[in-house]
There are 2 protein chains.
Amino acid sequence: MARKSGGEHSRTGTPAQSPLAPERFPNIPEIAGVRLSAVAAGVRYRGRKDVMLAELAPGTTVGGVFTRSRTAAAPVEWCREKLKSGRARAVLVNAGNANAFTGFAGMSAAETVAKAVATELSCRPAEVFLASTGVIGEPLPHERITRALARLRRGLSGKAWRSAAEAIRTTDTFPKAATAVAEIDGKPYRIAGIAKGSGMIAPDMATMLAFVFTDARLPTDVLQHLTATANRTSFNAISVDGDTSTSDTVLTFATGQAPRHRRISTAADPRLADFRTKLRAVMTDLAQQIVRDGEGASKFVTVTVSGAESPRAARRIGLCIANSPLVKTAIAGNDPNWGRIVMAVGKAGEKVDRDRLVIGIGDWPVTEEGMVRADYQESSVTQYMKGSEIDIRVDVGVGRGRFTVWTCDLTRTYVSINADYRS
Amino acid sequence: MARKSGGEHSRTGTPAQSPLAPERFPNIPEIAGVRLSAVAAGVRYRGRKDVMLAELAPGTTVGGVFTRSRTAAAPVEWCREKLKSGRARAVLVNAGNANAFTGFAGMSAAETVAKAVATELSCRPAEVFLASTGVIGEPLPHERITRALARLRRGLSGKAWRSAAEAIRTTDTFPKAATAVAEIDGKPYRIAGIAKGSGMIAPDMATMLAFVFTDARLPTDVLQHLTATANRTSFNAISVDGDTSTSDTVLTFATGQAPRHRRISTAADPRLADFRTKLRAVMTDLAQQIVRDGEGASKFVTVTVSGAESPRAARRIGLCIANSPLVKTAIAGNDPNWGRIVMAVGKAGEKVDRDRLVIGIGDWPVTEEGMVRADYQESSVTQYMKGSEIDIRVDVGVGRGRFTVWTCDLTRTYVSINADYRS
């Protein structure tokens, strides 16, 4: 068996931090009912933490969305199956090996790990959720994980957010976390999440790895509904390279351990308004952090499409712009190349009125009536493009559909990271 | 009006020739009824030919397929409209300006040029076909073209294939042409074509600029059918970067000027068997030359997908592999990263049997039963990947659908060409 054969990511060592990284890791509060731990188990990397365990209080509900890849990894299949029960007592994640395209051995390795976690924490294997991220196509050395479980359990703490976020990284250059407080019945409930992702970040599917926790008390179907809804405009609105992982997973856990609010039985309950907003904010923050850590990224780009036939059409047009190599390389070169935006809008295949297409970059309107504006001053826009936060607005002139996607530029560094790391 | 604002391509000067270029320009015979000419009209470039005119004998029929872009250029709209009559007397092409996203002025400029060509050649404007390629979003300086028409007419010759192919280039590093002889009723008929294309080369749409001529006598509907059919497995089977031009155009012209075969009235006529094969061969040759001139390309990649539900599903999977930045950068780095091929197969969304997926690279089988083969020797495959012609075969194990696509790798040079040419 060749090592590094499948390879989502296989570098060891820590690359320089993305220039778009947040200034510091946020201050994440304890979430009642959640304890975390991370250790170096040597699954693939040396000298860094690579396995994290979160223990969840009895009664914790779980929601999840997963990759739509037709070659999904074994842990994704495991979670999809176990999600039906709606209950979770633990989530275990390893980095360095995706346990994807590993045949029947893959599911057997997942089961072995889940059983060992269940024994360690005195729960049922079906209550243990799993995720693996890293090289595709190599057998998971599951004994390295199971051997580390006692150490993981001993280290469990409500404060270990940073080491948990660090342990799940692959080519990520910084650990990702976000938090918010939401009110239900006037009482505060905490939401906190961690995520990983840098390359193989794609549209039209579920997401990357993200784990979000709250101490609110939410029935499984409500939590699932809130998760899927928030996912649509957060993780499903980002793209680094248009490539979709076999392992994308978002799991949300509600422990119900904070002082109780009145029972909630439907996602449409108006008392969830603030929670819905804050959950979406946490997931959007995590999603944007993934883009900010996009492989080789030097600019964070917001593409807002309006005037489309539907939000779905707007999203498709936005992703066409965000995934266009020609648009992305122009942005890398500080080039306000709006002709390429016209091209990308055209190729999306959605209804657009070419002669009413309005493009704006930053605060500058660029086009009107199907051509460039008479007062367009490219020098100002070029100056703007030298910044690291770029806004692109497109109105396609046919309806009221609107969607915002986030992406980064395509640089020589992206090619270097992905072409050269084995040489 | 800022120059270089829209920019498909705007470099002047000739970049180094692609390492994948054919050894020499082919020997293209005269096609009875076709005379060509090319001049330097200064549309945008200095010091090189940039406009070409082909004059066609009376009675010439025409077929065409065009970009499906929703922001198609004015000349594309012109051709689509004029194609209905099925007759052509001339085709005029300029490089350097795409006459795309130029508002109402764009169609007016196209009409002005067509009328001037018609006057020069004593035909009707509706018999003049047009194509423009280059920067998007700038008004076409049509007077530079019309001023050059007399010179173009004086230069008309049956032999001017090379200068015609050179005049229609933008970032192309070599002129592209192909030819074949097809038999109908035992008599030989010639087919010859020229093409341009290097970046903004995309799937799922029509093509790039290509013009194919024959001296056979084919009714318009037959020619159209043959063209659309050959297009599906030639120009529609290539991708450089997944980006679709606003100007993609394939036009085929049948002059009927060679000694006559018996009348052909349907594309299903068995006497067209050889012609069909040869037309497809010429168009495939031209399409592959475009890939060989892909911006920054260092490797020519053939992706053959079999075992899919349908040829359409196989094509979609093939293009997903061919357009994946992670697969393309791995190829650039001589990395037989089959895990990324698994990923790309998975994201296509077509039915696949993960556990019967078979991947082969060159002569090496890589996977079986949903995992890497026990006898896989990566060192041999890595050696193979250092070559410049890479074959990837994927069988997805669910049906009999099959399709082959051609692409190139994604290199730092692609990023440089598209990020930096204005700095």
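Just so it is clear, the model here is predicted, and its values are computed rather than measured.

Details of the overall build of chain A
Step number 1: If you tally the helices and strands in chain A, you get 12 helices and 17 strands.
Step number 2: The C-alpha radius of gyration of chain A comes to 22 Å, within 12% of the 22 Å expected for a compact globule of 423 residues.
Step number 3: Once the C-alpha set of chain A is aligned to its principal axes, its extents read approximately 70 × 55 × 35 Å.
Step number 4: In chain A, once contacts between residues fewer than 6 apart in sequence are set aside, the share between residues at least 24 apart is 82%.

Topic: the packing of helix H8 (residues 311–323) of chain A against helix H10 (residues 338–347) of chain A
All names here are of chain A.
Step number 1: One way to put it is that H8 packs onto H10 with a least axis distance of 8 Å and a crossing angle of 135°. Accordingly, the angle class assigned to the pair H8 and H10 is oblique. The handedness of the crossing between H8 and H10 comes out as right-handed. Across the interface between the two elements, Ile317, Cys320 and Ile321 from H8 touch Ile341, Ala344, Val345 and Lys347 from H10.
Step number 2: Residues that form the contact of H8 with H10 fall into these classes: 6 nonpolar, no polar and 1 charged.

Let's talk about the pairing of strand S16 (residues 389–395) of chain B
Residues and elements named next belong to chain B.
Step number 1: Here strand S11 (residues 300–308) runs beside S16; their pairing, made up of 7 bridges, is parallel. Across the sheet, the residue bridging to Val305 is Val394, located in S16.
Step number 2: Judged from the 4 bridges that link them, strand S12 (residues 358–361) and S16 form a sheet pairing that is antiparallel. Bridge pairing in S16 places Ile359 opposite Val394.

Notes on the pairing of strand S7 (residues 187–196) of chain A
All names here are of chain A.
Step number 1: By the criterion of burial, S7 is predominantly enclosed, with 8 of the 10 residues buried.
Step number 2: Relative to S7, strand S6 (residues 176–184) runs antiparallel, the two sharing 9 bridges. Paired with Thr179 across the strands is Ala192, a residue of S7.
Step number 3: With antiparallel pairing between neighbouring strands as the criterion, S6 and S7 make up a hairpin whose turn holds 2 residues, including Asp185 at a positive phi of roughly 50°.
Step number 4: Examined bridge by bridge, S7 and strand S8 (residues 209–214) share 6 bridges and lie antiparallel to one another. Within the sheet, the bridge partner assigned to Ile191 lies in S8 and is Thr214.

Here's the deal with the sheet that holds strand S2 (residues 51–56) of chain A
Residues and elements named next belong to chain A.
Step number 1: In spatial order, the strands read S1-S2-S4-S5; together these 4 strands make up an open sheet with mixed pairing. With one partner strand each, in any of the chains shown, strand S1 (34–39) and strand S5 (128–135) form the two edges of the open sheet. When the angles between neighbouring strand axes are averaged without regard to direction, this sheet yields 10°.
Step number 2: Bridge count between S1 and S2: 6 bridges; the pairing is antiparallel. Opposite Arg35, over in S2, you have Glu55 as the bridge partner.

Examining the domain arrangement of chain A
All names here are of chain A.
Step number 1: Entries for chain A in the domain assignment read domain 1 (34–292) and domain 2 (300–420).
Step number 2: For domain 1 and domain 2, the distance between their C-alpha centroids amounts to 32 Å.
Step number 3: Listed as interface residues are 12 residues of domain 1 and, on the opposing side, 11 residues of domain 2.
Step number 4: Elements with a minimum of two residues in the side of domain 1 that touches domain 2: strand S9 (238–239) and helix H7 (273–292).
Step number 5: At 4 residues, the largest contribution of residues to the side of domain 1 that touches domain 2 is made by H7.

Quick look at helix H11 (residues 378–385) of chain B
All names here are of chain B.
Step number 1: Along H11, the residues classified as buried are Glu378, Val381 and Met385. Taken around the axis of H11, the buried residues stretch over an arc of 65°, which confines them to a single face.
Step number 2: In this structure, the buried residues of H11 make contact with S12, strand S13 (364–365) and S16.

Observations concerning the sheet that holds S12(B)
Step number 1: Within the open sheet, the 6 strands sit side by side as S9-S17-S11-S16-S12-S13 (chain B). Their pairing is mixed. Bordering the open sheet on either side are strand S9 (238–239) and S13 of chain B, each of which pairs with just one other strand.

Some words on the nonpolar core
Step number 1: Counting 283 residues, the largest nonpolar core has Ile317(A), Ile321(A), Val345(A), Ala90(B), Ile317(B), Ile321(B) and Val345(B) as its most contacted members.
Step number 2: Aside from chain neighbours lying at most four places away, what touches Ile321(B) is Val303(B), Val327(B), Ile341(B), Ala344(B), Val345(B), Ile392(B) and Val394(B).

Some remarks on unusual backbone geometry
Step number 1: Backbone geometry places Asp185(A), a non-glycine residue, at a positive phi of 50°.
Step number 2: Turning to its location among the elements, Asp185(A) is positioned in the loop between S6 and S7.

Description of the environment of Cys79(B)
All names here are of chain B.
Step number 1: Take Cys79: it is sitting in helix H1 (residues 74–82).
Step number 2: Its 23 C-beta neighbours within 10 Å are what place Cys79 among the buried residues.
Step number 3: With 48 residues separating them along the chain, Cys79 and Glu127 place their C-alpha atoms 9.5 Å apart.
Step number 4: The residues touching Cys79, leaving out its near neighbours within four places in the chain, are Gly64, Phe66, Phe129, Leu130, Thr249 and Leu251.

Digging into the confidence of the model for chain A
All names here are of chain A.
Step number 1: Residues with a pLDDT of 70 or more make up 91% of chain A, whose mean pLDDT is 85.
Step number 2: Scored below 50 in pLDDT, residues 1–13 shows 42 contacts in the model against residues more than four places distant or in partner chains.
Step number 3: If you check the scores for this complex, the pTM reads 0.77 and the ipTM reads 0.71.

Observations regarding H8(A)
Residues and elements named next belong to chain A.
Step number 1: Helix length check: H8, at 13 residues, gives a terminal C-alpha distance of 18 Å against a target of 18 Å (1.5 Å per residue), a fit within 8%.
Step number 2: With 11 of its 13 residues buried, H8 lies for the most part within the structure.
Step number 3: Residues Ala313, Ala314, Arg315, Arg316, Ile317, Gly318, Leu319, Cys320, Ile321, Ala322 and Asn323 constitute the buried set of H8.
Step number 4: Those residues of H8 that are buried lie in contact with S9, strand S11 (300–308), helix H9 (325–332), H10, strand S16 (389–395) and strand S17 (401–408).

Quick look at the environment of Ser379(A)
Step number 1: Relative to the elements of secondary structure, Ser379(A) occurs in helix H11 (residues 378–385).
Step number 2: Classification of Ser379(A) by C-beta neighbours within 10 Å gives exposed; the count is 9.

A word on the environment of Asp375(A)
All names here are of chain A.
Step number 1: By the element assignment, Asp375 lies in the loop between strand S15 (371–372) and H11.
Step number 2: Residue classification places Asp375 among the exposed positions, given that 8 C-beta atoms sit within 10 Å.
Step number 3: In sequence terms Asp375 and Leu357 are 18 residues apart; their C-alpha atoms lie 17 Å from each other.

Rules behind the numbers
Residues numbered from 1 in each chain as written. Chains lettered and ligands numbered in written order. Predicted model: local features only at pLDDT ≥ 70, side-chain atom pairs only at ≥ 80, totals over all residues. Helix = DSSP H or I, 4+ residues; strand = E, 2+ residues; numbered from the N terminus. Rg over C-alpha atoms; globule rule 2.2 N^0.38 Å. Contact = placed C-beta atoms within 7 Å. Axes fitted to C-alpha atoms, helices over the stretch in contact; angles between N-to-C directions. Parallel < 35°, antiparallel > 145°, perpendicular 65-115°, else oblique. Left-handed = near helix turned anticlockwise from the far one by under 90°. Nonpolar A, V, L, I, M, F, W, Y, C, P; charged D, E, K, R; others polar. Pairing = 2+ DSSP bridges. Buried ≥ 20, exposed ≤ 12 C-beta atoms within 10 Å, placed from the backbone. Domains from an automatic or database assignment. Arc of directions from axis to C-beta. Core = buried A, V, L, I, M, F, W, Y, C linked by C-beta atoms within 7 Å. pLDDT = per-residue confidence, 0-100. Expected span 1.5 Å × (residues − 1).

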